[in-house]
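# Report on the structure
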Amino acid sequence: MPKTKSAFFCQQCGFESPKWAGKCQSCGAWNSFLEEIIQREDKTKTEVVTWDDADKQKSKAHKIDDLDTTEEIRTLLPDGELNRVLGGGLVPGSVVLVAGDPGIGKSTLFLQCALHAKNITTLYVSGEESAQQIKLRADRLGISNSNLYLLTATDTQTLFSEVKKLRPQLLIIDSIQTLESPYVESAAGSVSQVRECAAELQRFAKASHVPVIIIGHITKDGAIAGPKVLEHMVDTVLQFEGDRHYAYRILRTLKNRFGSTSELGIYEMVSQGMRAVINPSEILLSQHDEPLSGIAIAATMEASRPLMIEVQALVTQAVYGTPQRTVSGMDLRRLQLLLAVLEKRGGFHFGTKDVFVNIAGGLKIEDPSIELSVVCALLSSYEDKALPSNICFVGEIGLSGEIRAVNRIDQRIAEADKLGMDAIFIPKANAKGLDKKNYTIKIVTFNKVEDVYKALF
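Residues numbered from 1 in each chain as written. Predicted model: local features only at pLDDT ≥ 70, side-chain atom pairs only at ≥ 80, totals over all residues. Heavy atoms only, no water.

## Details of the sheet that holds strand S11 (residues 264-270)
The condition that has to hold: When DSSP finds two or more bridges between two strands, those strands count as paired. To qualify as a helix, a DSSP run of H or I must reach at least 4 residues; to qualify as a strand, a run of E must reach at least 2; elements of each kind are numbered from the N terminus. Only C-alpha atoms enter the line fits that serve as axes; for helices the fit covers just the stretch in contact. Angles between N-to-C directions range over 0 to 180 degrees.
One open sheet holds the 9 strands; their spatial order is S6-S5-S7-S8-S4-S9-S10-S11-S12, and the pairing between them is mixed. The sheet is open, and its two borders are formed by strand S6 (148-152) and strand S12 (273-276), each paired with just one other strand. With strand direction ignored, the average angle separating the axes of adjacent strands in the sheet is 25°. One ladder, built from 5 bridges, connects strand S10 (residues 248-256) with S11; its direction is antiparallel. When the sheet's bridge partners are listed, Ile250 is paired in S11 with Ile266.

## Considering the packing of helix H3 (residues 106-116) against helix H4 (residues 131-141)
Under the convention used in this document: In this scheme, roughly parallel covers angles under 35 degrees and roughly antiparallel covers those over 145, while 65 to 115 is roughly perpendicular and the rest are oblique. Contacts are assigned to residue pairs with any non-hydrogen atoms lying within 4.5 Å of each other. Here the nonpolar group is Ala, Val, Leu, Ile, Met, Phe, Trp, Tyr, Cys and Pro; Asp, Glu, Lys and Arg are the charged ones; every other residue, Gly included, is treated as polar.
Between H3 and H4, whose axes approach to 11 Å, the crossing angle comes to 70°. With respect to H4, the axis of H3 lies roughly perpendicular. Of H4, the residues touching H3 (which contributes Ser107, Thr108, Leu111, Gln112 and Leu115) are Ile134, Arg137, Ala138, Arg140 and Leu141. Looking at the contact of H3 with H4, its residues break down into 5 nonpolar, 3 polar and 2 charged.

## Considering the pairing of strand S14 (residues 305-317)
Looking along a regular strand, one sees the side chains alternate between the two faces of the sheet. Bridging between strand S13 (residues 295-302) and S14 involves 8 bridges; their strand directions are antiparallel. Paired with Glu302 across the bridge in S14 is Arg305. Linkage of S13 to S14, two consecutive antiparallel strands, is achieved through a turn of 2 residues, within which Ala303 is found at a positive phi near 60°. By the bridge criterion, 7 bridges tie S14 to strand S16 (residues 353-359) in an arrangement that is antiparallel. What sits directly across from Ala313, in S16, is Val357.

## Details of the nonpolar core
To be explicit about the condition: We call a set of buried residues a nonpolar core when its members are Ala, Val, Leu, Ile, Met, Phe, Trp, Tyr or Cys and they connect through side-chain atoms within 4.5 Å of each other. Residue burial is assigned from relative accessible area. The probe radius is 1.4 Å, only protein chains are included, and a residue is buried under 20% of its type maximum, exposed over 50%, and partly exposed in between.
Judged by nonpolar contacts, the single largest core of 45 residues is most densely connected at Ile309, Leu378 and Phe425. Counting 31 residues, the second-largest nonpolar core is a separate cluster that includes Ala114, Ile120, Leu148 and Ile172.

## Regarding the pairing of S11
Most of S11 is tucked away: 5 of the 7 residues are buried. Relative to S12, S11 runs antiparallel, the two being bridged by 4 bridges. Bridge assignment links Met269 to a residue of S12, and that residue is Met274. The turn joining S11 and S12, which pair antiparallel and follow one another in sequence, is formed by 2 residues.

## What to know about the packing of aromatic side chains
Note the threshold: Working definition: a ring pair exists when centres of Phe, Tyr or Trp rings (six-membered ring for Trp) sit within 6.5 Å. Plane angles under 30 degrees give stacked, over 60 give edge-to-face, the rest tilted.
Summed over all chains, the structure comprises 10 aromatic pairs. With a centroid separation of 5.1 Å and 75° between ring planes, the pair formed by Phe393 and Phe425 is classed as edge-to-face. Taken together, the residues span a long stretch of sequence, with Phe393 in strand S17 (residues 391-393) and Phe425 in strand S20 (residues 423-427) at a distance of 32 residues. For the pair Phe393 and Phe425, a shared accessibility class is recorded, and that class is buried. Their ring planes at 35° and their centres at 5.3 Å tell us that Tyr453 and Phe457 sit as a pair that is tilted. Tyr453 sits in the partly exposed class, given a relative accessible area of 24%.

Here is the structure:
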């Protein structure tokens with residue numbers, strides 16, 4: 001029996017150190033090192049549960065010209081939004097890591113997906129809930145599937161024993177932080193356990209060509225819990241985002257070896273589970289009975305998907321000595337920059353005003369093209385005059401007050417045209433090479449912010 005060794009691992013980033021240290025050399029976290037026992041055991045002498053495909057596969061070198069470049073046949077899931085994020089479906093033998101805040105709906109989404117996939121034999125492994133709890137959630141979703149099998153286990157050998165019996169076509173792990181491998185003598189969720197369990201699942205997926213979906217936890221800073229190597233080992237990394245106080249959730253692609261990383265899926269949390277939002281622009285736009293000041297519509301891009309969102313602004317006289325600047329859904333520093341531009345280039349006195357800006361729907365937008373709509377919403381509230389509800393804005397604001405060009409202007413115009421907007425305000429630089437005859441919407445171009453103000457007010 002080899003000598004048992006131990007090492008110290010940072011619980012934030014997974015950095016390994018032979019001795020304890022107060023500060024991690026990799027991520028700079030304090031008091032994050034914990035000692036974990038590493039058992040260097042000869043795996044050939046231990047009874048290991050294997051699967052037939054792994055025994056038959058022999059590794060050898062191949063000439064690159066002799067390899068077949070035929071595209072793999074993907075497994076289409078019943079969820080169109082999930083297929084979009086994955087790049088067109090699940091690739092055989094791929095490992096997908098999904099992370100998100102607690103209670104955001106990760107387990108509900110993939111249990112619902114497994115229940116809908118009635119032509120796929122699926123094994124759902126849960127280390128956090130009992131089979132009765134999962135059945136209660138399935139009853140709440142109102143979906144039945146005789147090809148879905150539930151396993152409540154935390155040991156990887158028990159998991160692979162069931163895999164050998166059932167031969168599933170899809171394996172879902174909920175979650176990787178609850179699994180334990182007999183090769184590592186440390187607690188579940190530790191850096192070494194997460195790394196070893198992920199490695200075993202990766203070897204299984206590549207040998208058996210069964211896609212594996214792994215649900216993972218995140219830290220309080222929003223990073224995926226466990227070692228950073230976990231994200232390198234898997235083929236696809238998905239981030240499930242959203243505020244639990246709002247109904248909408250966004251599924252983003254952070255890494256994808258088989259598709260684009262510029263895709264996202266939007267879901268709405270309802271009593272029957274997660275509902276895919278096919279046209280989010282219609283939901284994100286509020287329907288007002290009468291025009292209200294301080295509201296402007298922005299044509300933005302979330303990854304490669306055009307969205308029409310509502311920007312709300314409120315400008316009031318400051319009661320206290322220091323004016324307030326409150327933002328929800330965008331960067332506060334960008335708002336301060338826009339206010340400075342309006343002060344300098346437009347002569348508007350925001351220095352004595354409280355300013356509040358909100359992106360409706362609980363979305364967080366990083367696209368700088370919403371700056372023109374933010375400026376128009378601020379001016380609308382400042383003048384207390386409502387903007388027409390059938391116009392939208394797109395453009396980035398420069399420090400000199402100019403309206404800078406944005407990318408994918410044709411997709412933004414097409415989305416606004418599809419929703420029945422009458423006019424869209426765009427930068428003049430984007431009008432070059434744009435065929436206005438292809439759209440029924442009126443396209444208005446501007447160079448500077450003051451020109452937009454004169455046209456609106």
